[in-house]
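Examination of the molecular architecture
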Amino acid sequence: VEAQISAVPSTAGRTAFVLIVLRDVTQQHRVEQMRADFVANASHELRTPLASLLGFVETLQGPARNDPAAREKFLGIMRAQANRMSRLIDDLLSLSRIELNAHVRPGQSVELYPIVAHVADTLAPLARERGVELVLERAAERLTVLGDRDELIRVFENLVENAIKYGSSGGKVDITLAEAPRGAGRLAEAVVTVRDYGPGIASEHLPRLTERFYRVDVAQSREKGGTGLGLAIVKHILARHRGRLVIESEIGKGAAFTVRLDAVG
Ligand code: ADP
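By convention here, each chain's residues receive numbers from 1 onward along its written sequence. Owing to the predicted nature of the model, reporting of local features is limited to residues with pLDDT of at least 70; listing and counting of side-chain atom pairs is limited to 80 or more, with chain, interface and lining totals taken over all residues. For side-chain calculations, the full set of non-hydrogen atoms in the structure is used, while hydrogens and water are omitted.

Each residue is tested against the molecule or strand, and it is near if at least one of its non-hydrogen atoms lies within 4 Å. Taken together, 18 residues sit near the ligand, with Tyr 166, Asp 196, Ser 221, Thr 227 and Gly 228 positioned nearest. Here Asp 196 contributes a side-chain N or O atom positioned 2.8 Å from a nitrogen atom of the ligand. Polar contacts, as used here, are pairs of N or O atoms within 3.5 Å; protein pairs need one atom able to donate a hydrogen and one able to accept it. Residues neighboring in sequence count only if both atoms are side-chain atoms. Residue Val 216 places a main-chain N or O atom 3.1 Å away from an oxygen atom belonging to the ligand. All accessible-area figures derive from a Shrake-Rupley calculation using a 1.4 Å probe, and residue coverage is judged against the displayed protein chains alone. Bound to the protein, the ligand loses 96% of the 540 Å² it would expose on its own. Think of a 1 Å grid over just the protein atoms. A cavity is a set of points where a 1.4 Å probe fits yet cannot get out, a pocket is an open set with protein on both sides within 12 Å along at least five of seven lines, and lining residues have an atom within 4 Å of a point. Cavity and pocket membership follows a simple rule, namely that a molecule belongs there if more than half of its atoms are within 2 Å of the grid points. Because more than half of its atoms lie within 2 Å of the grid, the ligand is assigned to the largest pocket. Secondary structure is summarised from DSSP: a helix means a run of H or I of at least four residues, a strand means a run of E of at least two, and numbering begins at the N terminus for each. Among the secondary structure elements, those contributing two or more residues to the shell around the ligand are α4 (149-166) and α6 (230-240). No other element matches the 4 residues that α4 contributes to the shell around the ligand. Three classes are used: nonpolar for Ala, Val, Leu, Ile, Met, Phe, Trp, Tyr, Cys and Pro, charged for Asp, Glu, Lys and Arg, and polar for all others, with Gly counted as polar. For the shell around the ligand, the residue count by class is 9 nonpolar, 6 polar and 3 charged.

So this is what it looks like as structure tokens:
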């Protein structure tokens, strides 16, 4: 608690009364701490691929100068590292843009099925590459929500991409669209579930998955090209849409990520 004490003089020059302002600064400190941690994490995440890039540049200018095979291999790694930095910067910019608009509720009327179908099409090549079968199931005809089309695409892209990346290769990913009624006078909910049948996630990680840079396995996430920001972006977009993300998983039983949004019309 921060206290500010000031004496308010009367016209005669004597103290008329004392004003004490008490302010709870715990929340403010917590926000500042989170911001500082975030900047430190982001810098670290950028510095790692950058250090590797610089290392390879030195090797290419020195010991590997006349070794075409090594050069080819190192350039491939450097390209991957540069791509990683670029993805990270894109994700950081997305997060800050979404946060900036956090208080504005998106108002476009958007049909969910075409969005999810578009995401499934976009990710079909990745699924094929990993031998994963993408199954889209539509249990509700028209599902319209108020939202931002591009941001909702982003939500489902992140979830389906994770399911393909972290689910079992040669397995299946189910994407289901359904409608959940919510009683008289209340809007129905649009419910989209992305389910994989991979190794699953231990329960102690579940509450932290949407934190920025939180990963269950850092090496695995890096190897799969992750930035650790995907689910944080999903959470922020859904908050802006007054929607919810529910994560259910058990070790050995895959994972289900469910998005719930108010349906309109
Ligand atoms: P990343 O860029 O690392 O994929 P995300 O924010 O999208 O970051 O996800 C955070 C972490 O959650 C991942 O690193 C991974 O450990 C875990 N995760 C996300 N989706 C799944 C899934 N479908 N199955 C298992 N683990 C998952």
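Next up on the list: the sheet that holds strand β8 (residues 244-249). Reading across from one edge, β4-β6-β7-β9-β8 is the order of the 5 strands in this open sheet, with mixed pairing throughout. Each having just a single partner strand, β4 (133-138) and β8 make up the two edges of the open sheet. Geometrically, the sheet is characterised by an average inter-axis angle of 15° between neighbouring strands, direction not taken into account. Two elements, strand β6 (residues 172-180) and strand β7 (residues 189-196), share 8 bridges in a ladder whose sense is antiparallel. Looking at the pairing, Asp 174 lines up with Arg 195 of β7. Sheet strands touched by helix α3 (residues 112-129): β4, β6 and β7. Its angle to β4, the strand with the most contacts, is close to 170°. Should DSSP find at least two bridges between two strands, the strands are taken to pair. Throughout, an axis means a line fitted to C-alpha atoms (over the contacting stretch in the case of helices), and angles, computed between N-to-C directions, take values from 0 to 180 degrees. Contacts are assigned to residue pairs with any non-hydrogen atoms lying within 4.5 Å of each other.

With that settled, consider the packing of aromatic side chains. Note on ring pairs: Phe, Tyr and Trp rings are taken, using the six-membered ring of Trp, and paired if centres are within 6.5 Å. Classes follow the plane angle, with under 30 degrees stacked, over 60 edge-to-face and the rest tilted. Overall, the coordinates contain 2 aromatic pairs when judged by the stated rule. An angle of 45° between the planes, with centres 5.0 Å apart, marks the rings of Phe 56 and Phe 74 as tilted. Within this pair, whereas Phe 56 is found in helix α1 (residues 26-61), its partner Phe 74 is found in helix α2 (residues 68-100), the two being separated by 18 residues in sequence. One exposure class covers both Phe 56 and Phe 74, and it is buried. For a ring to carry a charge above it, either NZ of a lysine or CZ of an arginine must fall within 6 Å of the ring centroid while also lying within 35 degrees of the normal to the ring plane. Seen from the ring of Tyr 113, Arg 138 lies directly overhead, with NZ or CZ sitting 3.8 Å from the centre. Across the ring face of Phe 38, the terminal group of Arg 212 is positioned such that the distance to the ring centre comes to 4.5 Å. Burial classification: accessible surface area is computed with a 1.4 Å probe over protein chains only, and a residue below 20% of its type maximum counts as buried, one above 50% as exposed, and the rest as partly exposed.

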